[in-house]
Amino acid sequence: MSPRTAVRPLVAAAVADRLLRHTAPGVPKVRPTLDWAGPVGMELPDERAVQAACGLMHLHGRATGGPAPLAVDYASVVAGVLAAQGVTAAGLGRARGLDLRAVRTSVAQGALLAAAQYLAAATAREGDGPPSAAEPEPCAAGLATLETSDGARVELETLDPLAWREFWARLGAPPALAGRGWLPFQQRFATAVCPLPDELRAAARRRTLPDLVAAASDTGVSLLTLGTDPAPAVHPEPWRLTPAPAAHPEHRLPAPAVTPAPGRRTSGSAHPAPDMPVPPLPLAGLRVVESTRRVQGPLAGHVLGMLGAEVIRIEPPGGDPMRWLPPLAGDTSARFTALNAGKRVVEADLTTAQGRETVRALAAEADAFVHNWAPGKAARLGLDAADLLSARPALVYAWASGFGDTLGDRPPLGTDYLAQAHSGLAAAVRPADEPPAPSLMTLTDVLGGLVCAQGVLAALAQREGTGRGGRVDSSLVSAAALIPRPAHRARWTALDRPVRTADGHLYLGPEARARPEAVRRLLDRAGPSALTTGEWTHRLAEAGLTATPVHTDLAALADDPAFKAAVAPPDPLIGHARPHAPWEFA
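Residues numbered from 1 in each chain as written. Predicted model: local features only at pLDDT ≥ 70, side-chain atom pairs only at ≥ 80, totals over all residues. Heavy atoms only, no water.

### Section: the overall build of the protein chain
- Helix and strand counts for the protein chain come out as 24 helices and 20 strands.
- Taking all 586 residues of the protein chain together, the buried fraction comes to 57%.
- Carbon together with sulfur atoms contributes 55% to the accessible area of the protein chain, which is approximately 22,900 Å² in total. (Helix = DSSP H or I, 4+ residues; strand = E, 2+ residues; numbered from the N terminus. Buried < 20%, exposed > 50% of the residue type's maximum accessible area, 1.4 Å probe, protein only. Areas by Shrake-Rupley, 256 points an atom, 1.4 Å probe, with all protein chains shown as cover.)

This is the structure we're talking about:
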């Protein structure tokens, strides 16, 4: 039996089942198919093989100097959410008259979607030429985690350069030194590395944890300590759905039409390449309005757009500043386009009454409204769920937050790495012989966006039976809690890490890891770095053992023939590579 089908992706199937149980009943069910490789033309027998082939080991290991597996089944969890989305969306399509009976996705497609921003940056083209020279693969290692003199490990977050400078001033670091650390600290979301100056790390190590806590409190910097327990600190449901109140008859009148600003659309399409035949997409005819930033919120809208919804994106006057984050693909940031291709754009200044009225008018004609504003902002703007549902009771109103209500009404900044710290994921993603630290790949941002999108789909499914919308609350922490963890941190042998070859790295398959003596005999005959990756793969295969080459060059991955059916190359419309939509409907 081929390794493609020998063992089902059980974690992915379990996550999909859990999410579908949490989704409203009554929508027609379709048959899901979930495997490891999907359209990727490689033998991928397990989670680790997918991480190796699809770039996740490379991204997770950037900050520590070389490719490294995530010690959790992250790609499988992403694929489980995708499977639930496909089933729910196809059921919605059937309820609306589409002949959709089956949906297929894979763990490899989940991994590629999780790496989409990094893939876009690595392959960005400013014109018709080669990828931009301004975006080399990061080579400087470094985590953002700090150590204190009393042995604590902490994670910081701030989006304010003045707060950052003042925090370090409290620790005795001069402003120029703090300034040198600001850019790598902010860019770690995009690069998955954080090469802070050693002098800043030394300044933290000279102080105690109470010193750092006081400096953070005084300057408005968020700080969380890192523990060694991989278990989630809280166990929230993936999302919470609160149905809208029953509508009065007069509230069922249609809202006046709103015409989005002409001529503004993020370039490209969120859908498969034009030469790929697809049935009608399940959310065709539905409209989503989003007011989002960074990764979590835009990804939720991107997913709904890939499923066929029209997505209207509200941006501030002049456009979202993230549009110009290098590298550029054409005239727009590759990372931005990776999450926002195909969305129509309406500019509105939410600090003005006119801007807020634009949001209300758009929401009055929408099926869903998605935002990831800071806690309390929606209420201050008069754009909370109650405000918009009163005018449109059929609306699905979704808030994608950082911490939900798990840390009270004054939580830290709701960003990926603090969510990893609070949820125990920072301990779970690394083995027991490494100190806990968040992965600088944005794990919870991606998973949080996917969970938000599934919450919207669940609410739309419920609306099919009740005619009422509702409020959907999800968070980075609720998404992180989906990732299964062992009771104790994983303990690895040398064979659980990538093996260095003459021209790269190789990750041993499950049979090889289960037969360490056979592998050692092979390695002893010729040192692993004496043979190329291809030669070692052949030699292991002769011994009945599998192994997967570790992709450490995302631009090369995009050109790999094995990924031709899973990854679209750069083209004149979108100047970077991107994964095709991760579902196949039939």
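After presenting the structure, the write-up continues.
### Observations regarding the sheet that holds strand 2 (residues 102-106)
- The strand order across the open sheet formed by three strands is 1-2-20, and the pairing between neighbours is mixed. Strand pairing shows two members of the sheet lacking a second neighbour, strand 1 (31-35) and strand 20 (584-585), which therefore form its edges.
- With five bridges connecting them, strand 1 and strand 2 associate as parallel partners. Along strand 2, the bridge assignment pairs Pro32 with Val103.
- Sitting on the sheet, helix 5 (residues 74-95) touches strand 1, strand 2 and strand 20, and the angle it makes with strand 2 is about 165°. (Pairing = 2+ DSSP bridges. Contact = heavy atoms within 4.5 Å. Axes fitted to C-alpha atoms, helices over the stretch in contact; angles between N-to-C directions.)

### Description of the side chain of Lys343
- Mapped onto the elements, Lys343 comes out in the loop between helix 13 (334-340) and strand 11 (344-347).
- Residue classification places Lys343 among the buried positions, given a relative accessible area of 2%.
- Among the polar contacts listed, one links the side chain of Lys343 to the backbone oxygen of Pro298, at a separation of 2.9 Å.
- A polar contact is formed between the side chain of Lys343 and the side chain of Asn340, at a distance of 2.9 Å. (Polar contact = N/O pair within 3.5 Å; in protein donor to acceptor, adjacent residues only side chain to side chain.)

### Looking at the pattern of salt bridges
- In the structure shown here, the tally under the stated rule is 29 salt bridges.
- Among the salt bridges present, the one from Arg101 reaches Asp99, with a minimum N-O distance of 2.9 Å. Residue Arg101 shares its accessibility class with Asp99, and that shared class is exposed.
- A salt bridge links Glu290 to Arg313; its shortest N-O distance comes to 2.6 Å. Taken together, the residues span a long stretch of sequence, with Glu290 in strand 7 (residues 287-291) and Arg313 in strand 8 (residues 310-315) at a distance of 23 residues. (Salt bridge = Lys/Arg side-chain N within 4 Å of Asp/Glu carboxyl O.)

### Remarks on the sheet that holds strand 5 (residues 222-225)
- In space, the three strands of this open sheet follow the order 3-4-5, with antiparallel pairing throughout. This sheet does not close on itself; its edge strands, each paired only once, are strand 3 (146-147) and strand 5.
- Alignment of strand 3 against strand 4 (residues 153-157), held across two bridges, turns out to be antiparallel. Bridged to Glu147 within strand 4 is Arg153.

### Focus on helix 8 (residues 161-170)
- If you check which residues of helix 8 are buried, you get Ala163, Trp164, Phe167 and Trp168. What you see down the axis of helix 8 is that its buried residues fit within an arc of 130°, all on one side.
- Taken together, the buried residues of helix 8 touch strand 3, strand 4, helix 9 (175-191), helix 10 (198-205) and helix 11 (209-219).
- The N-cap of helix 8, judged by a side-chain oxygen 2.9 Å from the amide nitrogen of Leu162 a few residues on, is Asp160. (Arc of directions from axis to C-beta.)

### Topic: the packing of aromatic side chains
- Counted under the stated rule, the structure contains eight aromatic pairs.
- Members of the aromatic cluster, each reached through a chain of ring pairs, are Trp164, Phe167, Trp168, Trp182 and Phe185.
- Against the face of Phe185 rests Arg188, its NZ or CZ located 3.9 Å from the ring centre.
- Directly above the ring of Phe189 sits Arg294, whose terminal nitrogen or CZ lies 4.5 Å from the centroid. (Phe/Tyr/Trp six-rings, centres within 6.5 Å; stacked < 30°, edge-to-face > 60°. Lys NZ or Arg CZ within 6 Å of the ring centre and 35° of its normal.)

### Here's the deal with unusual backbone geometry
- Pro327 follows Pro326 through a cis peptide bond whose omega is 0°.
- Mapped onto the fold, Pro327 is located in the loop between strand 8 and strand 9 (328-329).
- The backbone phi angle of Ala192 is positive, close to 65°, even though this residue is not glycine.
- Along the chain, Ala192 falls in the loop between helix 9 and helix 10.

### Comments concerning the environment of Leu159
- Tracing the chain through its elements places Leu159 in the loop between strand 4 and helix 8.
- Leu159 gets classed as partly exposed once you look at its relative accessible area, which sits at 31%.
- Residues Leu159 and Phe185, spaced 26 residues apart in sequence, show a C-alpha to C-alpha distance of 9.7 Å.

### Examining the confidence of the model for the protein chain
- Per-residue confidence for the protein chain averages 90 on the pLDDT scale, and 89% of its residues sit at or above 70.
- Within the model, the stretch residues 250-263 combines pLDDT values under 50 with 17 contacts to residues more than four positions away or in other chains. (pLDDT = per-residue confidence, 0-100.)

### Digging into the packing of helix 17 (residues 416-423) against helix 19 (residues 443-466)
- With their axes 7 Å apart at the nearest point, helix 17 and helix 19 run at an angle of 90° to one another. Taken together, the axis directions place helix 17 and helix 19 in an arrangement best described as roughly perpendicular. Two secondary-structure elements touch here, helix 17 through Asp416, Ala419 and Gln420 and helix 19 through Leu443, Thr444 and Asp445.
- Taken together, the residues of the contact of helix 17 with helix 19 sort by class into two nonpolar, two polar and two charged. (Parallel < 35°, antiparallel > 145°, perpendicular 65-115°, else oblique. Nonpolar A, V, L, I, M, F, W, Y, C, P; charged D, E, K, R; others polar.)

### Section: the pairing of strand 4
- The element strand 4 is extensively covered by neighbouring structure, given that five of its five residues are classed as buried.
- Across the two faces of strand 4 the burial is the same, with Arg153, Glu155 and Glu157 and Val154 and Leu156 all buried.
- Connecting strand 3 to the next strand, strand 4, in antiparallel fashion are five residues, including Gly151 with a positive phi near 85°.

### Side note on the nonpolar core
- Judged by nonpolar contacts, the single largest core of 127 residues is most densely connected at Leu44, Tyr74, Trp168 and Phe563.
- Not counting residues within four places of it along the chain, the set of residues in contact with Tyr74 comprises Glu47, Leu56, Ala114, Met441, Thr442, Leu443, Val446, Leu447 and Ile483. (Core = buried A, V, L, I, M, F, W, Y, C linked by side-chain atoms within 4.5 Å.)

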